Amino acid sequence: MPSLDDIARFQTSLSTSDVSWLHALVTDWQIIADLSFSDLVLWVPDAESKGMWAGAQIRPTTGPTTLLEDAAGTFLPAGHTDRLDLALASGEVVDEQVEKMPDGTRVRTRTIPVKREGSTIAIISSRRSDSAPRTASELEATYLEAADELIDMIQRGEFPLEGIRSDLADSLRVGDGLIRTDGRGRVAYASPNALSAYRRLGLAGDLMGAELGEVTTGLIDRRPTDRGPLGLLRGDAGGEAEIENATGSLLLRVIPLRSGGHRNGALILLRDVTELRLRERELVSKEATIREIHHRVKNNLQTVAALLRLQGRRVELPEARAALDDAVRRVGSIALVHETLSQSFGDEVDFDDIADRLIRNVLDVSRGPDVGVVHADRVGSFGSLPGVVATPLAMVLTELIQNAVEHAYGPGGGTLTLAVNRIRDRVRLRVSDDGVGLPKDFDPADSLGLSIVTTLVEGELGGTLTFERRNSGGTTVAISLLV
């Protein structure tokens, strides 16, 4: 289905500014379709006057559609466009007519000229079902009256409203809640949903006949909003705001109505968003609490690490001191993950930063006097990982780097490489050194650190772990897991 831009560019002689005006109209015409219970089709004249092109369409959300097939992109040749031609030539609305469709249903059609700067640049065809005769409810009558006023504004070139399109145009609908005010800002009609929304703010009486700006200002205790509600709700100019008090929150959009160049009241679309805002505040509070918990856990772990270091200084046996140093490093790797989580919004962390910091920390403190300089590189990216994966994986990396520094290198040092390959939720990593390689009688169960690695990878992370001898010398530990 071609776009309005495609049709305007290749099939019409409309100017760029005319097309921009039509874009503004069709991005904000859902309210007209909803108020009139009608399907709307925008027709633009062919550049060679051979007929009319359907550039856009919209269906109502407040009633059944009569537009069973898409119209946008279709062409009506001359001779089949009498009502469209009449509206285009006269610049006047062609009143409703009842037409009988091939399937026997009856529809009411109306043809509306779209004006800009005094010239008719397009036509809107409006169609709605012609149901059995009955008395329209007050809500329906108010909707249709408001639709007529907006249609008159389109015919006079006063709609769409000038300026930036409303941010709420895609969210607020007529069915959410509608209030119609008169030229003095008094409520002429309030739909049941609109009245319920004001009840949520604490309204005790009725809205009918009340001055909406004063009522709203009293309900929100004169708290600041995007714009003062008194001025906004008078309908002098269009705009939107969110108003709230201790009991409720409402989204408002004001569309001023004009007749004969004078303000004729306004349409106010509104929605009760109290529950949504409560949930948002609960989530913010929950996230702040979780971050504070991670921060306190990190502080407690750092305290534990400090106590272990103090204890290590008092231990004379080298084996016991080494064991305490290993414990300090393991606690530190867990603390690093909690520190990162305490600074993030959510339960995921950028693990690349954690891996780089772990590599630096382990290399700084693990290299003994008989080991030369060890260079480390990371190739590839982990991306964001959940905290439940990041914590054990940080310990795994700590143990593998620590083990390589202690057992793989001599005075000449060497290079340690961490290669990562992530495809969606599958992570593969290889920790490779160019050291002395694995001994012939190698058994990971003989090392506490490698036993921890095996337990974490295969047990907690549900991954696989292999130890490989490199042909060029050295060792590679390959890990594969789902995150």
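Residues numbered from 1 in each chain as written. Predicted model: local features only at pLDDT ≥ 70, side-chain atom pairs only at ≥ 80, totals over all residues. Heavy atoms only, no water.

Colleague: Tell me about the overall build of the protein chain, residues and numbers included.
Modeller: Scanning the protein chain for helices and strands turns up 13 helices and 18 strands. Across the 483 residues of the protein chain, 45% fall into the buried class. Of all intrachain contacts in the protein chain linking residues separated by at least 6 positions in sequence, the fraction that spans at least 24 positions is 60%. Carbon and sulfur atoms provide 51% of the accessible area of the protein chain, an area that totals close to 24,300 Å². (Helix = DSSP H or I, 4+ residues; strand = E, 2+ residues; numbered from the N terminus. Buried < 20%, exposed > 50% of the residue type's maximum accessible area, 1.4 Å probe, protein only. Contact = heavy atoms within 4.5 Å. Areas by Shrake-Rupley, 256 points an atom, 1.4 Å probe, with all protein chains shown as cover.)

Colleague: So what about the sheet that holds strand E9 (residues 239-244)? Which residues, and what values?
Modeller: A sheet is described by the order of its strands in space; here five strands give the open sequence E8-E7-E11-E10-E9, paired in antiparallel fashion. Since the sheet does not close on itself, it has two edges, and those belong to strand E8 (187-190) and E9, each with one partner. The mean angle between the axes of side-by-side strands here comes to 25 degrees, regardless of whether they run parallel or antiparallel. Alignment of strand E7 (residues 178-181) against strand E11 (residues 262-272), held across four bridges, turns out to be antiparallel. Directly across from Thr-181, in E11, lies its bridge partner Ala-266. Strands in contact with helix H5 (residues 138-155) are E7, E8, strand E10 (249-259) and E11; relative to E10, the strand with the most contacts, it is inclined by about 55 degrees. (Pairing = 2+ DSSP bridges. Axes fitted to C-alpha atoms, helices over the stretch in contact; angles between N-to-C directions.)

Colleague: Let's hear about the packing of helix H12 (residues 387-407) against helix H13 (residues 448-460): which residues, and what values?
Modeller: Where H12 contacts H13, the two axes come as close as 9 Å, and the packing angle between them is 150 degrees. Our classification of the angle between H12 and H13 gives roughly antiparallel. You can see that H12 and H13 cross each other, and the crossing is left-handed. Touching Pro-392, Met-395, Val-396, Glu-399, Leu-400 and Asn-403 of H12 are Gly-449, Leu-450, Ile-452, Val-453, Leu-456, Val-457 and Glu-460, all from H13. In terms of residue class, the contact of H12 with H13 is built from nine nonpolar, two polar and two charged. (Parallel < 35°, antiparallel > 145°, perpendicular 65-115°, else oblique. Left-handed = near helix turned anticlockwise from the far one by under 90°. Nonpolar A, V, L, I, M, F, W, Y, C, P; charged D, E, K, R; others polar.)

Colleague: Which residues make up the confidence of the model for the protein chain, and what values do they have?
Modeller: Of the residues in the protein chain, 88% reach a pLDDT of 70 or more, and the chain-wide mean stands at 83. Mean pLDDT across the secondary structure elements of the protein chain bottoms out at helix H8 (residues 229-233), with 72, and peaks at strand E1 (residues 39-45), with 95. (pLDDT = per-residue confidence, 0-100.)

Colleague: Tell me what's going on with unusual backbone geometry, and back it up with residues and numbers.
Modeller: For the bond from Phe-159 to Pro-160, the omega torsion is 10 degrees, close enough to zero to count as cis. Checked against the element boundaries, Pro-160 lands in the loop between H5 and E7. Although it is not a glycine, Phe-37 adopts a positive phi angle of roughly 55 degrees. Its location among the elements puts Phe-37 in the loop between helix H3 (30-36) and E1. Judged by relative accessible area, which is 17%, Phe-37 ranks as buried. In this structure, Arg-424 takes a positive phi of about 55 degrees despite not being glycine. Along the chain, Arg-424 turns up in the loop between strand E15 (414-423) and strand E16 (426-433).

Colleague: Go over the pattern of salt bridges, please, and point to the residues and values.
Modeller: Per the stated rule, a full pass over the model turns up 18 salt bridges. Linking Asp-182 and Arg-184 is a salt bridge whose minimum nitrogen-to-oxygen distance equals 4.0 Å. A residue is classified by how much of its surface remains accessible, and Arg-184, at 57% relative accessible area, is exposed. For the salt bridge of Asp-352 with Arg-378, the shortest nitrogen-to-oxygen distance reads 3.6 Å. (Salt bridge = Lys/Arg side-chain N within 4 Å of Asp/Glu carboxyl O.)

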